Amino acid sequence: MPTPAGRPLVVGTGIAGLYVALRLRELGLRPTLVTKSRLDEATTRYAQGGIAAAIGPDDSPALHLQDTIRAGAGLVDLPAARALTFEAPARIADLVRYGVPFDTVEGQISLGREAAHSRARILHAGGDATGLSIEETLKRRVLDAGIEVRERTALRGLRSTAHHGVVAFVSSEAGRGAEELDSGPVVLATGGTGSLYRQSSNPSVATGEGVAIAFRAGALLTDMEFIQFHPTVFWREGAPRFLITEAVRGEGAVLRNEAGERFLVGQHRDAELAPRDVVSRAIDREIHRTGHPCVYLDATGIPRDRLFARFPSVCRFLATYGLDPSRDWIPVTPVAHYMIGGVTTDLEGRTTLRGLYACGEVASTGVHGANRLASNSLLEGLVFGERVARQLVHPVAGRIPAPARTVRIDWPAGSGREDVPGAVDRVRDLLWDDVGIVRTGAGLRAAIEELSQLGGSTEPGRAKDLAGPVANAVLTASIVARAALVRTESRGAHYRSDFPNRRPVWRLHIGILRKEAPGIGP
Ligand SMILES: Cc1cc2nc3c(=O)[nH]c(=O)nc-3n(C[C@H](O)[C@H](O)[C@H](O)COP(=O)(O)OP(=O)(O)OC[C@H]3O[C@@H](n4cnc5c(N)ncnc54)[C@H](O)[C@@H]3O)c2cc1C
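Here is what the cut-offs are and how they apply
- Going along each chain's sequence as written, the residues are numbered from 1 onward.
- Where totals are concerned, whole chains, interfaces and linings use all residues; where local detail is concerned, this predicted model gives features only for residues with pLDDT of at least 70, and gives and counts side-chain atom pairs only at 80 or more.
- Think of the side-chain values as coming from all heavy atoms in the structure, minus any hydrogens and water.
- Elements are defined by DSSP. Helices are runs of H or I of four residues or more, strands are runs of E of two residues or more, and each kind is numbered from the N terminus.
- Note on method: radius of gyration uses C-alpha positions; expected globular size equals 2.2 Å times residues raised to 0.38.
- Exposed residues in this analysis have more than 50% of their type's maximum accessible area, buried residues have under 20%, and partly exposed residues fall in between, with area computed by a 1.4 Å probe over protein chains only.
- Contacts: residue pairs with any heavy atoms within 4.5 Å of one another.
- Only four residue types enter the tally: Lys and Arg on the positive side, Asp and Glu on the negative side; His and the chain ends are excluded.
- Positions of charges follow a simple convention, taking NZ of Lys, CZ of Arg, CG of Asp or CD of Glu.
- DSSP calls a pair of strands paired once it identifies at least 2 bridges connecting them.
- Only C-alpha atoms enter the line fits that serve as axes; for helices the fit covers just the stretch in contact. Angles between N-to-C directions range over 0 to 180 degrees.
- Any Lys or Arg side-chain nitrogen located within 4 Å of an Asp or Glu carboxyl oxygen qualifies as a salt bridge.
- Think of it this way: a Phe, Tyr or Trp ring, Trp meaning its six-membered ring, pairs with another when their centres are within 6.5 Å, and the plane angle makes it stacked under 30 degrees, edge-to-face over 60, tilted otherwise.
- Here, a charge over a ring means that NZ of Lys or CZ of Arg falls within 6 Å of the ring centre while also lying within 35 degrees of the ring normal.
- By convention in these notes, a residue is near a molecule or strand provided one of its non-hydrogen atoms lies within 4 Å of it.
- Identification of polar contacts relies on pairs of N or O atoms within 3.5 Å, with a donor-acceptor requirement for protein atoms, meaning one able to donate a hydrogen and the other able to accept it, and with residues adjacent in sequence counted only if both atoms are side-chain atoms.
- Only the protein chains shown count as covering a residue, and every accessible area follows the Shrake-Rupley method with a 1.4 Å probe.
- Here, the term disulfide refers to a pair of cysteine sulfur atoms separated by no more than 2.5 Å.

**Thoughts on the overall build of the protein**
Part 1 of the argument: Counting its secondary structure elements, the protein contains 14 helices and 22 strands.
Part 2 of the argument: Its C-alpha atoms give the protein a radius of gyration of 22 Å, near enough to 24 Å, the size a compact globule of 522 residues would have.
Part 3 of the argument: Counting only C-alpha atoms, the protein reaches 60 × 55 × 45 Å along its principal axes.
Part 4 of the argument: Across the 522 residues of the protein, 62% fall into the buried class.
Part 5 of the argument: For the protein, long-range pairs separated by at least 24 residues make up 73% of all intrachain contacts whose partners lie at least 6 apart in sequence.
Part 6 of the argument: Averaging the locations of the 63 positively and 58 negatively charged side chains of the protein gives two centres separated by 3 Å.

**Here we look at the sheet that holds strand β14 (residues 227-234)**
Part 1 of the argument: With respect to topology, 4 strands assemble into an open sheet ordered β14-β17-β16-β15, the strand pairing being antiparallel. Bordering the open sheet on either side are β14 and β15 (254-256), each of which pairs with just one other strand. Each strand of the sheet is rotated relative to its neighbour by a mean of 45°, with strand direction disregarded.
Part 2 of the argument: The sheet contact formed by β15 and strand β16 (residues 295-298) spans 3 bridges and is antiparallel. Across the sheet, Arg-256 pairs through a bridge with Tyr-296, a residue of β16.

**Points about the sheet that holds strand β7 (residues 122-123)**
Pairing between sheet strands relies on hydrogen bonds along the backbone, with the strands arranged either parallel or antiparallel.
Part 1 of the argument: The 3 strands lie next to each other as β3-β7-β6, forming an open sheet whose pairing is antiparallel. Among the strands making up the open sheet, the edge pair consists of β3 (51-52) and β6 (111-112).
Part 2 of the argument: Looking at chain direction, β3 and β7 are connected through 2 bridges and run antiparallel. Considered in β7, the bridge of Ala-52 is made with Ile-122.

**Some thoughts on the pattern of salt bridges**
For side chains of opposite charge, pairing can occur when their charged atoms come near one another.
Part 1 of the argument: According to the stated counting rule, one finds 40 salt bridges in the structure shown.
Part 2 of the argument: Glu-148 serves as the salt-bridge partner of Arg-7, at 3.1 Å between the closest nitrogen and oxygen. Within this pair, whereas Arg-7 is found in the segment before β1 (9-11), its partner Glu-148 is found in strand β8 (residues 148-150), the two being separated by 141 residues in sequence.
Part 3 of the argument: In this structure, Arg-198 and Asp-433 form a salt bridge, with 3.3 Å as the shortest nitrogen-oxygen distance. Of the two residues, Arg-198 is situated in the loop between β12 (186-188) and α6 (209-217) and Asp-433 in helix α12 (residues 423-434); the sequence distance between them amounts to 235 residues.
Part 4 of the argument: A relative accessible area of 43% places Asp-433 in the partly exposed class.
Part 5 of the argument: Through salt bridges with shared partners, one network takes in Arg-23, Glu-26, Arg-91, Asp-94, Arg-97, Glu-386 and Arg-390.

**Here we look at the packing of aromatic side chains**
Where two aromatic rings form a pair, the distance of their centres and the angle of their planes describe that pair.
Part 1 of the argument: Following the criterion strictly, the structure yields 8 aromatic pairs and no others.
Part 2 of the argument: Centre to centre, the rings of Phe-234 and Tyr-321 are 5.1 Å apart; their planes meet at 45°, and the pair counts as tilted. Linking Phe-234 in strand β14 with Tyr-321 in the loop between α10 (312-319) and β17 (330-339), this pair joins segments that are 87 residues apart in sequence.
Part 3 of the argument: Overall, the relative accessible area of 0% leaves Phe-234 in the buried class.
Part 4 of the argument: Of the aromatic side chains, those joined through ring pairs into one cluster are Phe-234, Phe-242, Phe-317 and Tyr-321.
Part 5 of the argument: The side chain of Arg-97 reaches across the aromatic face of Tyr-98, ending 4.8 Å from its centre.
Part 6 of the argument: Residue placement shows Arg-304 over the ring face of Phe-308; its charged tip is 4.2 Å from the ring centre.

**A short note on the site of the ligand**
Part 1 of the argument: Around the ligand, the surrounding shell holds 37 residues, and the nearest of these are Thr-44, Gly-50, Leu-155, Glu-361 and Ser-377.
Part 2 of the argument: Gly-14 places a main-chain nitrogen or oxygen 3.5 Å from an oxygen atom of the ligand.
Part 3 of the argument: Gln-48 is positioned such that a nitrogen or oxygen atom in its backbone is 3.5 Å from a nitrogen atom of the ligand.
Part 4 of the argument: Contact with the protein chains removes 98% of the 1000 Å² of surface that the ligand exposes when unbound.
Part 5 of the argument: Put simply, the parts of the chain that give the shell around the ligand at least two residues each are α1 (15-26), β9 (154-161), β17 and α11 (377-393).

**Observations regarding the state of the cysteines**
Cysteine pairs can be linked by a disulfide, which is a covalent bond between their two sulfur atoms.
Part 1 of the argument: On inspection of all chains with the given rule, the structure shows 0 disulfides.
Part 2 of the argument: Counting only cysteine sulfurs, Cys-315 is the nearest neighbor of Cys-294, a cysteine outside any disulfide, at a range of 19 Å.

Geometric values such as these leave the question of function open.
Right under this line is the structure:
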C-alpha cells in the first residue's frame, strides 16, 4: 500500500481532474478535489465533437499518430504523441467501464470523421453532448467513490520547498486570505486560457490561472504562443458564442461567403476540412476582405434526419434564433478556443517543480505540437491523467529536458491592488486585437507594454501576498504575448504577418521561466 506524505490535492473538475481523482482512489490513495467554481462548471461539458481513438476496423494507433504529427506542424513530441494514440483505446475502455453512454449503431460504438483525421475515429455521446456525458458520468463516479470534493475553493498560490515539494494555498472565497493546505503532491488540472480573449468558445472559468500560479512558483512553461482558434462559432450580435462543431463539416457542410462562394476551395486541398488554423485564417481574411461580420456554414446538403439526430444540441440552439440548419445557412466566425502550451510536463505528468504535476489543457505534454488535432484534448486529459495517477502510486525516476530556447520573464511589482477597474476587459481586448489569429511584432510589443502597466498595478508588492484572479489574468496574457513575440515565424496556430513563413530554425519549443527561478535540465 502506498504511503504518500499527505493526500494528493487535485485542482480542477474537468475531465482531467475528475479522472485523476477517480484513478487515484482506485489505486488506493485518498485525493482531495477542489474547484474554484461548482463541481460541474468546467470547459469539458461544452465539448461537442467527441473524443478520438483508433478503435475502428480500418484504423490503427499508428494512423492516429500519423495524423496527430501531421497536424502539429513539425513540433509534436513523438513519445508523448505515441503514448496518446496507443493508449487511447484502453482509456476509452475505462470510460465504457465507468458507464459513459457512447452512441452506437447496431451494438457497435459509432465513429465520426473530423477535419485532418484520415479515418472515422471520433466517438460521441448524446450526438453532440460528448463532454457533458463524460463529465456527468465521471462526476457521479467521483461522488459514489466518496472522494472529498471542495467546491468554490480556488488554488491561489504554490510555494516550492526544498524538502516537501510544493505547498498549496487555497481560498474558499475569492479575494480573501488563503490557507496553507497540508497536502501531498499537487495535480494541476485547471484547464486553459480561452476566456481571456474577447471572442471565445470557452466558459468563464477558463482563465489560465494554473499557468500563472505555476509560473510564479518557478515552474517551466512551454509553447505558450500557440493558442488555437476555432473556425466556426455562431455569430450574431449579442448572442453567446456557441460552437458549431467541426463534425458538421465532417458530415459534409461547407463554408460560404455572403455571396455564396466557397472561398476555401482552391486555398487548401482539403477545403473546409483543412486544419483549424488554415480555416480560421481563411475566414478571418474573408471577413476583413468583404467587411461582412461573418461567413456562413451551409449544412443544407446533409439530410435533415441525420442533421437533427447527429447534432441535437446545435439544432436546438439554432432554433432559439429561428434557424433550421437543413434550410438556413449558419452565420459563423472564428474565436479563441484552446491553449496548446502550458505547464511543461514529462510523460508522467511531472512538472519542473518537485511534487507538482499537471494534466489536461493546463499541461504542455508536446502532443499537439503547434496545432492540436480535433478531439485529441479530451483524450489527452485521460491518457496523461492515468499516467499522473500511476506515477503518484508507483513513482519512476525521470527529468524534464530543457527546451531548446528558454525566455526568462521579469514581472513588475506594483501596488498590490486587485480592483483595477476594467483590467480584465482590457486584457481580453488586447489579446483578441493584438495576440489573436494574425499577429505582428508591433502589435505584440504594444500589448506587452500595456499589459506590463496593468501588471504593475495588479501584482502584489510583497512577496508573501498571493495574486488574485485579475493579476493572474494579466500575467497569463503577458506570457502568451511574450512567447508570440519571440517566435519570429508562422507555424501551426501561431501566425505572424510580418514573418508569414515557417522557418526551420524555429523547429523548437520556447520555454518561459520566471527570472529568478532555478535552472532547468541537465
Ligand atoms: C465549446 C468547446 C468545444 C470543445 N469540443 C471538444 C471536442 O469535441 N473534443 C475535444 O477533445 N476537446 C474539445 N474541446 C476542448 C476540451 O473540452 C478541453 O480541452 C478539455 O475539456 C479540458 O479539460 P480539463 O480537465 O483540462 O479542463 P477544464 O474542463 O477546463 O476544467 C478546469 C477546471 O479547473 C478549475 N479551475 C481553474 N482554475 C482554478 C483555480 N485557480 N483553483 C481551483 N480550480 C480551478 C475550473 O473551475 C474547472 O473545474 C472543446 C472546448 C470547448 C470550449
